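A closer look at the structure
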Amino acid sequence: KLSVAKALSNKAAIVMSKEEDDDQRAIHIYQRALDVRRACLGPTASERPAVDLADIIWGQASIYDRMGKHDQALSYYEKCLACYQESVGHESSQVARCIQSISDSFLRGGHYTQAHDAVVEALRLREAIPGVPEEDIADSMLTLGTILFVWREYDNALPYLERACTTHMRIHGKFHISVGS
């Protein structure tokens with residue numbers, strides 16, 4: 001059953017990434033994956049969080065976020081965050097990714113103060129945890145720089161935006177879309 005849950009989760013991610021934006025189908029598949037995974041864990045599923053369970057919940061949150069349903073997305077991201085924290089601890093790359101997603105969702109929803117607070121924590125974690133890809137750190141810096149720019153704190157925004165740009169340019173080349181961001 002565990003491999004079925006993983007396969008369903010992967011299938012939902014593929015459906016979500018397709019051009020036709022079949023979000024409702026992806027939501028249904030993620031829900032099936034979640035149901036199968038919880039069945040594998042048994043009646044104590046809520047007492048035994050697992051990383052793969054959090055990954056499925058993160059996928060669900062991502063769909064709602066993409067659909068512009070930020071309140072629903074944030075609810076799923078919060079569940080995901082709690083599951084990651086209980087599974088792998090508070091100082092992990094999964095926790096940092098989830099907090100970054102929370103920040104991005106707040107940002108897209110126009111909630112800049114909450115986005116700022118979350119991205120500061122995501123950046124702190126990403127810089128402190130060995131092995132976090134430089135691109136992830138750059139993404140957090142881009143988000144933080146963007147928020148500071150919106151707040152017209154240009155002098156504070158500039159170092160974050162420059163470092164994000166430099167990192168993305170080094171990784172992808174100067175004509176990649178992430179550099180233009």
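In case you missed it, the structure is sitting above this.
Side note on the packing of helix α3 (residues 51-66) against helix α4 (residues 70-88)
At a minimum axis distance of 8 Å, the contact between α3 and α4 shows a crossing angle of 165°. Taken together, the axes of α3 and α4 lie roughly antiparallel to each other. Here α3 and α4 pass one another in a crossing that is left-handed. Here V51, L53, A54, D55, I57, W58, Q60, A61, S62, Y64 and D65 of α3 lie close against α4, whose contacting residues are H70, Q72, A73, Y76, Y77, K79, C80, C83, Y84, S87 and V88.

A word on the pattern of salt bridges
As enumerated under the stated definition, the model contains six salt bridges in all. Across the pair E91 and R124 runs a salt bridge whose closest N-O atoms are separated by 3.1 Å. Of this pair, E91 sits in the loop between α4 and α5 (93-108) while R124 sits in helix α6 (residues 112-128), placing them 33 residues apart in sequence. Judged by relative accessible area, E91 falls into the partly exposed class, the value being 48%. On the basis of relative accessible area, R124 is assigned to the partly exposed category, the value being 38%.

Definitions and limits used
- Residues numbered from 1 in each chain as written.
- Predicted model: local features only at pLDDT ≥ 70, side-chain atom pairs only at ≥ 80, totals over all residues.
- Heavy atoms only, no water.
- Axes fitted to C-alpha atoms, helices over the stretch in contact; angles between N-to-C directions.
- Helix = DSSP H or I, 4+ residues; strand = E, 2+ residues; numbered from the N terminus.
- Parallel < 35°, antiparallel > 145°, perpendicular 65-115°, else oblique.
- Left-handed = near helix turned anticlockwise from the far one by under 90°.
- Contact = heavy atoms within 4.5 Å.
- Salt bridge = Lys/Arg side-chain N within 4 Å of Asp/Glu carboxyl O.
- Buried < 20%, exposed > 50% of the residue type's maximum accessible area, 1.4 Å probe, protein only.

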